[in-house]
Amino acid sequence: MKAKRLSKAQRLSSTTINTLPQTIIENILCLLPIQEAARTSILSKEWRYKWTTIPKLKFGSSTLSKGKNKEKLPSDIASARKNMDERCKLFNAIHHVLLMRQGPIHEFTFHTIGTYHCFELDQIIFRLSRNHAVKKLKLAFNRLTFSYKLPLCAFSMHQLTDLDLRNVDIDHQPIFSGFGSLRSLCLYYVKISTKALLHLLSSCPSLKRFTLLGFIGCKDCTIVELFECLPVIEHLTIYGGTPQPKWLVPDSVPNELPTSLIHLKYFCFNRLYFGDDHGLIFLLILIKCSPNLEKIELDIAKGIGDDNETWFGILEENSDVRLEHLKELEIHYFRNLNHEMELVTVILARSPKLKKVIIHSLVEKDEESDMLKILLQAPRASPVEIVVRSMID
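Nothing here was measured: the structure is a model prediction, and the numbers come from that model. (Residues numbered from 1 in each chain as written. Predicted model: local features only at pLDDT ≥ 70, side-chain atom pairs only at ≥ 80, totals over all residues. Heavy atoms only, no water.)

(A) Expanded view of the overall build of the protein chain. Each helix and strand counted, the protein chain has eleven helices and 15 strands in total. Expressed as a percentage of its 393 residues, the buried residues of the protein chain come to 48%. For the protein chain, the accessible area works out to roughly 20600 Å², and carbon and sulfur atoms hold 53% of it. (Helix = DSSP H or I, 4+ residues; strand = E, 2+ residues; numbered from the N terminus. Buried < 20%, exposed > 50% of the residue type's maximum accessible area, 1.4 Å probe, protein only. Areas by Shrake-Rupley, 256 points an atom, 1.4 Å probe, with all protein chains shown as cover.)

Here it is as structure tokens:
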């Protein structure tokens, strides 16, 4: 007698994955693009609505299926139609997913590289603001076109722990009460007044990670005022570039500085500019305000010559600066210029707990060995492992 053949649904129900707890299944589905997670609804009746409970939602240009347009149109008309079609499909998909929701939303990500306006997003953020379970919010837009104006209702999401905004305008007056639970804040090319920025930071008492990229406000804020708004910060990343954020930095390092960043362990200065003194002054002020700093990561801006003699004078004037708890220094785009070498040797001599220096260099192999030899012979406050890694292919 032949054994009865199991149906596809029966075979699925007997698999290991079907016996997993619902939270594990949700975590697995969160790893899939939202459109792929939704397709699991065809597996069986039991799986029909499993995807509707996943707590992490990500939407963007990649959410849409790429269809072929066989109609030949002038390029500008074709581009406009494509943008309109993409926008309609994207927001229809978001509204459909939100309509099918059967559980709380803990994370929401919207990332688009399109060149279309996203005014429909206001309604979505309003809906999210009513869902008080949202903890992580990321909104990222195409910097080369236009930015998105953040609606005021976003500031009522008081349960947020992570906020990531890219190419967003915040033009509201600083009247919002802040985010009491926020632990991580990233601002990439966010247009916001200095007054609103300081108010936002000072209204986030639990903020531990802060990343700032792009010009903010005007020259009515100092680096000291910024640091005073970050009393419990542990991880700080500042993007410099050409020029440095001069709106933050005084012309010299003040003699008296508050020790405001006592919890700071990691600092990254991305695109450190050697063309003027502001980058070095910024770094020295931060070191003076951060007695417990353990790691510094510097990303040196390209295309800057070796002609800034005032650097050496500034380092000499601040010979009292020490890094008592620094354990690791990492530098990217190192070209073995005089002021770069001077900065490294000064840190070596003033860091009694330094254990490792990693240099990602742009010099040739023969010059690299000479550079390493000089660094190994330089005075050091502690035994240090120096590692040089070439960035030249």
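Right, picking up where we left off after that structure.
(B) Seen up close, the sheet that holds strand β4 (residues 148-149). One open sheet accounts for three strands, arranged β4-β6-β8; its pairing is parallel. The open sheet has two free edges, formed respectively by β4 and β8 (191-192), since each of these has just one partner strand. Where strand β6 (residues 168-170) lies against β8, two bridges are found, and the strand directions are parallel. Looking across to β8, one finds that Ile170 is bridged to Ile192. (Pairing = 2+ DSSP bridges.)

(C) Inspection of the packing of aromatic side chains at higher detail. Evaluation of the coordinates by the stated rule reveals nine aromatic pairs. Arranged with centres 5.7 Å apart and planes meeting at 40°, the rings of Phe59 and Phe108 form a pair that is tilted. Of this pair, Phe59 sits in strand β1 (residues 56-60) while Phe108 sits in strand β2 (residues 107-111), and the two are 49 residues apart along the sequence. Between Phe110 and Phe141, the ring centres sit 5.7 Å apart and the planes meet at 45°, which makes this aromatic pair tilted. Remark: Phe141 occurs in the loop between β3 (136-140) and β4 and Phe110 occurs in strand β2; sequence separation between them is 31 residues. For the pair Phe110 and Phe141, a shared accessibility class is recorded, and that class is buried. An aromatic cluster of at least three residues, connected via ring pairs, comprises Phe227, Phe267, Phe269 and Phe282. (Phe/Tyr/Trp six-rings, centres within 6.5 Å; stacked < 30°, edge-to-face > 60°.)

(D) Region of the structure containing the sheet that holds strand β7 (residues 184-188). Strands sit in the order β1-β2-β3-β5-β7-β9-β10-β11-β12-β13-β14-β15 across an open sheet of twelve strands; the sheet is parallel. With partners counted over all chains shown, the strands left at the sheet margins are β1 and β15 (385-390), one partner each. The sheet shows a mean angle of 5° between the axes of neighbouring strands, taken without regard to direction. Of the strand pairs in this sheet, β2 and β3 are connected by five bridges, and their pairing is parallel. Paired with Phe108 across the bridge in β3 is Leu137. Across the sheet, helix α11 (residues 365-377) is in contact with β13 (328-334), β14 (356-361) and β15; its angle to β15 comes to roughly 165°. (Axes fitted to C-alpha atoms, helices over the stretch in contact; angles between N-to-C directions. Contact = heavy atoms within 4.5 Å.)

(E) Unusual backbone geometry, seen in detail. Unlike most non-glycine residues, Asn167 shows phi in positive territory, near 60°. Not every positive phi belongs to a glycine, and Tyr189 is a case in point at roughly 50°.

(F) Quick look at the pairing of β15. When β14 meets β15, the two strands line up parallel, connected through six bridges. Among the inter-strand pairings, Ile359 is bridged to a residue of β15, identified as Val388.

(G) Representation of the packing of helix α10 (residues 338-349) against α11 within the structure. Viewed as axis vectors pointing N to C, α10 and α11 meet at an angle of 30°, and their least axial separation amounts to 10 Å. Put simply, α10 runs roughly parallel to α11. The handedness of the crossing between α10 and α11 is right-handed. Across from Met341, Val344, Thr345 and Leu348 in α10, the residues of α11 making contact are Met371, Ile374 and Leu375. Each residue belonging to the contact of α10 with α11 can be placed in one class, and the counts come to six nonpolar, one polar and no charged. (Parallel < 35°, antiparallel > 145°, perpendicular 65-115°, else oblique. Left-handed = near helix turned anticlockwise from the far one by under 90°. Nonpolar A, V, L, I, M, F, W, Y, C, P; charged D, E, K, R; others polar.)

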